Amino acid sequence: MMLSDFPLWPEQASSVAGNVDALFIFMCIVCGGVSLLTFILIFALAIKYRRRPDNELAEEKEPPGWLEAGWIITPFIIFMVMFVWGAWLYFRLARVPDDALDVYATGKQWMWKFQHPTGQREINTLHVPVNRPVKITMASEDVIHSLFFPAFRTKMDVLPSRYRSMWFRATKVGRYHIFCAEYCGTLHSGMIGWVEVMEPTDYQKWLAGGPEGSLASQGEILFQKYACLTCHTGDATGRGPVLQGLYGRQVELADNRVVTADDNYIRESILNPAAKVVKGFQPIMPTFQGQVNEDDLIKLLAYVKSLQAKGAKP
Amino acid sequence: MTTATLHDVRFIEPEKTRNYINHDFGVLSWLLTRDHKRIAILYLFSVTIMFMLGGFFATMMRIELLTPEGDVLTSDTYNKFFTLHGVVMVFFFLIPVIPAVLGNFILPIMLGAKDLAFPRINLLSWYVYMAAAVIGLYVIIVGGVDTGWTFYTPFSTQYSNTHVFGTTFAGFLAGFSSILTGLNFMVTIHRMRAPGLTWYRLPLFVWAMYATSIVQLLATPVLAITLVMLMFERAFGVGIFDPALGGDPVLYQHMFWFYSHPAVYIMILPAMGVASEVVAAFTRKKIFGYKFVAFSSLAIAFLGFLVWAHHLFVAGISVYSALIFAFLSYFVAVPSAIKVFNWTATLYKASVSWQTPMLYIMGFIGLFTIGGVTGLFLAALGLDVHVTDTYFVVAHFHYVMVGGVVMAYLAGIHYWWPKITGRMYPEWWARLAALLVFVGFNLTFLPQFVLGYLGMPRRYHAYAPEFQVLNVMSSAGASILAVGYALPLVYLIWSLKGSRKAGPNPWGAAGLEWATSSPPPKENFHETPVVTWDAYDYPQFLKAMGETQNV
């Protein structure tokens, strides 16, 4: 059997993979070492002090206090090293770089759908350029899934209730597994795919392969189809708030709360408009729950994001 | 001071009395009994059957996973099998096994009591357990359930078309059996200790059971509430967890793990209690740092309530909340480490006997240590992101649940078998079984750590071809493990007739249960014992035994 058929270490193909592996190896050495020492001690002591006619009863000895204190404090200090290292990595994974490329993902029983801002759509395959941070904004159409890239050492649960974002920077051209890691029903183990990490030039070529208009322009068509334009006219006369320049801005609500107009705010405002009504407007918008699926929501989101305030620099 | 005195009995003359087994006869004398010892035997039968059922599902899974393709079972059947394996093993075996079998039998005797505080409630707890088990079996017969034992929403409430309602109701009901046992033990430990048996003279098994009772009483109601909410949402469309109805699916996970993480300690704390008893008995020595071991049980019970969200690091909680739960998770590892080090230190200058219960406990300490330290990996946030929901987690909790709890249970059942039945088990066969269990267990679950780090997700019916070699190793190990588990079943039953009589104290151990006959009389002791020794204080225990002998 070829060694490549029987790997013992996963492929390292992202900017954090080396760090995660380093922490893993550190913990294997520390924990493995302490465990091994404990096993050896147990066996050595159990052999050395095995029952003989002259030691039917053991010697009674009270433990010195420093020993108990030692094995309470020492493990705790080692644990704190693990904690800090793990937390540092977790924060790195949570902080999406500003220059990340946007990709949208939808999980549904039992497939992954990816949409690119340039309009490409793919199922169970994701094309990304090497050495460029990629941010995936994702939601689920039905149950909870989990988008898992073992070679990138990252995964995140995909929820039906809101958008979540994960990111990675692939460092090695190649083809790596995508798994669903949260049990999602009959074909959970079939909800798999491949991420294709490409050279930037190959990626550009792939992008050039004829999409049906950008994601935002597809969103614009939906914006008209669902008659959003009737109220969100884009000027002060509309019955709905102006959406130009909305994305990322602070919005004051009718109940005087102030929220940021992020992905989840826009999603909620489409599905459950009464939840956060903008100050100065009436709660007259109908809900689109059950009418707009997750794929279309992503297009509408891309369209709203693309709307720049009048006079603002693009 | 010789061993001869160790085997003497203070409180009873065995030949003159009937014991709890031959005191009454007939099926009704068992089904309506209020004797804690007989109820323990009822539980012993029930949990053994459930263990075999759960083992059957595991066997089918390991057969399926021999090949990458899903070719033995259909996907739906495989999903039902891993769900039922989890439900049966967690709710019907691991949670009740040590408290309801060993605890029920031995705890009142350790306290010098005639029975538990509420004998009728004790019997009720078995009937509630049986009702839950019968509903569980009914669900299996009519088609099973496929949600995973965790019943995550919205899959369980909106999407699964299997018997979610029946299964969650069985889990709900089984919880009450656990609450009743915990309540009974807590009151008994407070109120029914023999004269002279102060808190610091209690055997460490009693401390462990006391800590377990706290968790059973405080955490199990939350499971009941959560499952009721789930049943309401599924049956009546009440929006609690379903986002389409304004609910939050992550809320379910918080509520579920608020019980189910402490539930891990309902399983492992009694196992630690057994370990302390066996180590003390087979080293003939006080447990090193008795108070540290006793209070670490309470610390685990308390801290266990503060770490539930470490199951949710990728599920949708804020980074700051993750930070706090990771930090607290490292705290709960400290008292476990204290116990391991203290058991190990007890061996120093001890009189170590290599009999079967001790072999199991040496295995227990080793496997529990591996289970514990791999928990540290999972609490390291950035590393958890990679290994959570993979076979690494599967291996980790099997090291704790099977390597820990089942090994300790087997140690306990061998250790107290002479007391329960009055007969010795066959030592050679028992040692062989202990060895097979240890080897088979490691061969089954060590490869799963590697599989998990490679990225194989859990609950996969089919998998990528490069994972096959490790899966075949794991299945091979499982077949050895199965033989290791089958052996005790055979020789323990055989020992009831074929083996030699045990005598009151076959191990020469110190403790009240060894100061009465084997099997004990219905009322445990003929006169209320007076305790004049600290736990595992061999010289004092012998002195107390000797004085009455000379009278």
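Below is a summary of the structure that appears in this document. (Residues numbered from 1 in each chain as written. Chains lettered and ligands numbered in written order. Predicted model: local features only at pLDDT ≥ 70, side-chain atom pairs only at ≥ 80, totals over all residues. Heavy atoms only, no water.)

**Remarks on the side chain of T106 of chain A**
Residues and elements named next belong to chain A.
No. 1: Residue placement: T106 occurs in strand β1 (residues 101–108).
No. 2: A polar contact of 2.9 Å, which involves the side chain of T106, links it to the side chain of D295.
No. 3: Residue contacts for T106: discarding those within four places in its chain leaves M111, W112, K113, A139, E141, E294, D295 and I298. (Helix = DSSP H or I, 4+ residues; strand = E, 2+ residues; numbered from the N terminus. Polar contact = N/O pair within 3.5 Å; in protein donor to acceptor, adjacent residues only side chain to side chain. Contact = heavy atoms within 4.5 Å.)

**Overview of the interface of chain B and chain A**
No. 1: The partner chain A presents 86 residues to the 96 residues of chain B that form the contact.
No. 2: In total, chain B and chain A occlude about 7800 Å² of area from one another, counting both sides; carbon and sulfur atoms represent 71% of this.
No. 3: On inspection of chain B and its partner chain A, the count reaches 23 residue pairs in polar contact (both at pLDDT 80 or more).
No. 4: Ranked by residue count, the leading element in the side of chain B that touches chain A is helix α11 (residues 319–346) of chain B, at 16 residues.
No. 5: Across the side of chain B that touches chain A, the residue classes tally to 63 nonpolar, 22 polar and eleven charged. (Buried area = accessible area lost by both parts, 1.4 Å probe. Nonpolar A, V, L, I, M, F, W, Y, C, P; charged D, E, K, R; others polar.)

**Structural notes on the pattern of salt bridges**
All names here are of chain A.
No. 1: If you walk through the whole model with that rule in mind, you get 17 salt bridges over all chains.
No. 2: Between R267 and E294 there is a salt bridge, with the nearest N and O atoms lying 2.4 Å from each other. With a gap of 27 residues between them, R267 in helix α5 (residues 263–271) and E294 in helix α6 (residues 294–306) connect regions that are remote in the sequence.
No. 3: Among the residues examined, R267 registers a relative accessible area of 5% and is labelled buried.
No. 4: When its relative accessible area of 6% is taken as the criterion, E294 is described as buried.
No. 5: Between K276 and E268 there is a salt bridge whose closest N-O contact spans 2.6 Å.
No. 6: Residue class for E268 comes out partly exposed when judged on its relative accessible area of 26%.
No. 7: Overlapping salt bridges, with partners in common, bring together K108, K113, E141 and D295 in one network. (Salt bridge = Lys/Arg side-chain N within 4 Å of Asp/Glu carboxyl O. Buried < 20%, exposed > 50% of the residue type's maximum accessible area, 1.4 Å probe, protein only.)

**A few points about the packing of helix α1 (residues 17–48) of chain A against helix α2 (residues 65–94) of chain A**
Residue and element names in this part refer to chain A.
No. 1: α2 packs onto α1 with a crossing angle of 165 degrees between their chain directions and a minimal axis gap of 11 Å. With respect to their mutual orientation, α1 and α2 come out roughly antiparallel. Pair α1 / α2 crosses with left-handed handedness. Contact with α1, carried on its side by N19, V20, A22, L23, F26, M27, V30 and C31, involves I78, V81, M82, W85, G86, W88, L89 and R92 of α2 and no other residues of that element.
No. 2: A per-class count over the contact of α1 with α2 returns 13 nonpolar, two polar and one charged. (Axes fitted to C-alpha atoms, helices over the stretch in contact; angles between N-to-C directions. Parallel < 35°, antiparallel > 145°, perpendicular 65-115°, else oblique. Left-handed = near helix turned anticlockwise from the far one by under 90°.)

**A short note on the packing of α1 of chain A against α11 of chain B**
No. 1: At a minimum axis distance of 10 Å, the contact between α1 of chain A and α11 of chain B shows a crossing angle of 25 degrees. On the basis of their axis angle, the class for α1 of chain A and α11 of chain B is roughly parallel. Here M27, V34, T38, L41, I42 and L45 of chain A of α1 of chain A come into contact with α11 of chain B, specifically with Y330, V340, F341 and T344 of chain B.

**Section: the sheet that holds strand β9 (residues 174–180) of chain A**
Residue and element names in this part refer to chain A.
No. 1: With mixed pairing, the five strands of this open sheet are ordered in space as β4-β10-β9-β6-β7. The open sheet terminates on both sides in strands that have one partner only, identified here as β4 (125–129) and β7 (154–158). Ignoring strand direction, the axes of neighbouring strands in this sheet form an average angle of 20 degrees.
No. 2: Across five bridges, β9 lies against strand β10 (residues 193–198) in antiparallel orientation. Directly across from G174, in β10, lies its bridge partner V197. (Pairing = 2+ DSSP bridges.)

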